[in-house]
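# What the coordinates show
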Amino acid sequence: MTAKAPKESRTIMTDLVLPSETNPLNNLFGGELLARMDRAAAISARRHSRRIVVTASVNHVAFNSAVPLGSVVTVEAKVSRAFRTSMEVFIDVWIEDRESGARTKANEAIYTFVAVDETGRPVAVPEVAPETGLEKERFAAALRRKQLSLLLAGKIKPQDATELKALFE
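Residues numbered from 1 in each chain as written. Predicted model: local features only at pLDDT ≥ 70, side-chain atom pairs only at ≥ 80, totals over all residues. Heavy atoms only, no water.

### What about the environment of Ala-109?
Within the secondary structure, Ala-109 sits in strand S5 (residues 103-116). In this structure, the C-alpha to C-alpha distance between Ala-109 and Ile-91, residues 18 residues apart in sequence, is 5.0 Å. Aside from chain neighbours lying at most four places away, what touches Ala-109 is Met-37, His-60, Val-61, Val-89, Phe-90 and Ile-91. (Helix = DSSP H or I, 4+ residues; strand = E, 2+ residues; numbered from the N terminus. Contact = heavy atoms within 4.5 Å.)

Here it is as structure tokens:
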């Protein structure tokens, strides 16, 4: 299987924040943003794997800025690293200034998807070949995040978390 660059899985979804999607402070509901991120990330994972994908976990979500009513919000997702059957997808959320059009990063998230066949069994996915500096940083950090997750779940022993141990040596 040939490795793929993150740009091959890049997915951009842009939409307007409507009144029915906001809380009493007139900001986008967090759950609505999570749904938008999940859809963009699923498309990204599918583009990378060319398979049916299922959300395995939401590893990290940072609601750094409110997304006000009427905002143009853009969700951008790319596969940051692939393991045997799973893919980590990094999501950036941007909002546009209504007058200037300048984009500001409002939120980010990291989801994990697993590629499956028609019966729901996990299948192998292509590796990721990062190209930019940011893609390389996210690629390297993905292994540490995976090892931490496995360690916390009791699926690996501390001595086997080599990437985590290297942070403290």
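### Describing unusual backbone geometry
With phi around 65 degrees, Asn-26 is a residue other than glycine that occupies positive phi space. On the basis of relative accessibility, which here comes to 41%, the residue Asn-26 falls in the partly exposed class. Even without being glycine, Arg-50 reaches a positive phi, approximately 55 degrees. In this fold, Arg-50 is placed in the loop between helix H1 (30-49) and strand S2 (52-63). With relative accessibility at 60%, the residue Arg-50 sits in the exposed group. (Buried < 20%, exposed > 50% of the residue type's maximum accessible area, 1.4 Å probe, protein only.)

### Topic: the side chain of Thr-22
Within the secondary structure, Thr-22 sits in the loop between strand S1 (11-16) and H1. On the basis of relative accessibility, which here comes to 11%, the residue Thr-22 falls in the buried class. Only 2.9 Å separates the side chain of Thr-22 from the backbone oxygen of Pro-19, close enough to count as a polar contact. Leave out the neighbours within four places in its chain, and Thr-22 touches Val-17, Asn-27, Leu-28, Phe-29 and Leu-69. (Polar contact = N/O pair within 3.5 Å; in protein donor to acceptor, adjacent residues only side chain to side chain.)

### Things to note about the pairing of S5
Most of S5 is tucked away: 10 of the 14 residues are buried. By the bridge criterion, 10 bridges tie S2 to S5 in an arrangement that is antiparallel. Bridged to Val-54 within S5 is Val-114. Sheet topology places strand S4 (residues 86-96) next to S5; 11 bridges connect them, and they run antiparallel. Each residue of the ladder has a partner; that of Asp-92, found in S5, is Glu-108. Taking the residues between adjacent antiparallel strands as the criterion, S4 and S5 are bridged by six residues, where Gly-101 takes a positive phi near 85 degrees. (Pairing = 2+ DSSP bridges.)

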